[in-house]
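Per-entry structural report
These are the residues of each chain, in order.
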Amino acid sequence: RKAMDFVEEGDIILVDSGTTMVEFASGLTSFNNLKVVTNDLTIALGLQKTATLDVILIGGNVRNRFECTIGSFGIDFLKRISVDKVFMSPNSLSISKGMTSPYEETAAMKRAMMQTSGKRYVLCDSSKIGKKNFCKFADLNEFTCLITDDGIRSKDAEAIKKQGLDIVIAEAG
């Protein structure tokens, strides 16, 4: 819900895939004038029911069991668009290694998503902070803001801020 503070009527936004992003996207139905670009099948199917939203599904190969698209078709499409804001979620966030994903194809899609806008927001629950996966897709300072829950450890928050990333902490409840 806290991430909704960064969405404005008339925005063109790109929403990454994953369970955190599905939760974020459910709040977008309260907007009356929004264009949402996503590679997440669940998000696209949920948002297309709201007549006031324009939903664009990024094409490509459907990643089995993950309900999202990946691959060169989607990456080529992303090279041709520009959005106001990107909302992403990593599989893990390492203070020293940045944002990571376990799969190269997913990391490549995320890198392409990032290139569509200079305003990039990362939504990451505190349980993913301090962990890393195989494929890095971004440094922390490439994002505008980290939105996380109040379970973030204070030492992690300070280390993240030192890298130039603003943090917004959402209260539980």
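Residues numbered from 1 in each chain as written. Predicted model: local features only at pLDDT ≥ 70, side-chain atom pairs only at ≥ 80, totals over all residues. Heavy atoms only, no water.

1. With respect to helix H1 (residues 19-26)
Cut-off, in case you're wondering: Throughout this description, buried means an accessible area under 20% of the type-specific maximum (1.4 Å probe, protein chains only), exposed means over 50%, and partly exposed covers the range between. Only DSSP runs of H or I covering at least 4 residues are called helices, and only runs of E covering at least 2 are called strands; the numbering of each starts at the N terminus. Here, the arc refers to the directions that run from the helix axis to the C-beta atoms. Here, residues are in contact when the closest pair of their heavy atoms is within 4.5 Å.
Taken residue by residue, H1 has Met-21, Phe-24 and Ala-25 as its buried positions. Down the axis of H1, the smallest arc covering the buried residues is 95°, so these residues share one side. For H1, exposure combined with an orientation more than 90 degrees from the buried face picks out Thr-19 and Glu-23. Along its buried surface, H1 packs onto strand E1 (12-15), helix H2 (41-47), strand E6 (85-88) and strand E9 (120-123).

2. Observations concerning the sheet that holds strand E7 (residues 92-94)
Convention followed: In this description, strands pair whenever DSSP reports at least two bridges between them. Lines are fitted to the C-alpha atoms to define the axes, a helix being fitted only along its stretch in contact, and any angle between axes, read from their N-to-C directions, falls within 0 to 180 degrees.
With antiparallel pairing, the 3 strands of this open sheet are ordered in space as E7-E8-E10. Each edge of the open sheet is held by one strand with a lone partner, namely E7 and strand E10 (135-138). With strand direction ignored, the average angle separating the axes of adjacent strands in the sheet is 40°. Here 3 bridges tie E7 to strand E8 (residues 98-101), and the two strands are oriented antiparallel to one another. Bridged to Ser-94 within E8 is Gly-98.

3. Re the packing of aromatic side chains
We apply this condition: Side-chain rings of Phe, Tyr and Trp (the six-membered ring for Trp) are treated as a pair once their centres are within 6.5 Å; stacked means planes under 30 degrees apart, edge-to-face means over 60, and tilted covers the remaining angles. In this analysis the charged atom, NZ for Lys or CZ for Arg, is taken to sit over a ring once it is within 6 Å of the ring centre and within 35 degrees of the ring normal.
Inspection of the entire model under this criterion finds 4 aromatic pairs. An angle of 65° between the planes, with centres 6.3 Å apart, marks the rings of Phe-66 and Tyr-103 as edge-to-face. Linking Phe-66 in the loop between strand E4 (61-63) and strand E5 (68-70) with Tyr-103 in the loop between E8 and helix H4 (104-114), this pair joins segments that are 37 residues apart in sequence. The class of Phe-66 is partly exposed, set by a relative accessible area of 38%. By relative accessible area, which is 42% here, Tyr-103 ends up partly exposed. Here the aromatic cluster, defined as three or more aromatic residues joined through ring pairs, consists of Phe-6, Phe-24, Phe-87 and Tyr-121. Across from the ring centre of Phe-66, 3.6 Å away, lies the NZ or CZ of Arg-63, which sits over that ring. Positioned over the ring face of Phe-137 is Lys-110, at 5.5 Å from the centre of the ring.

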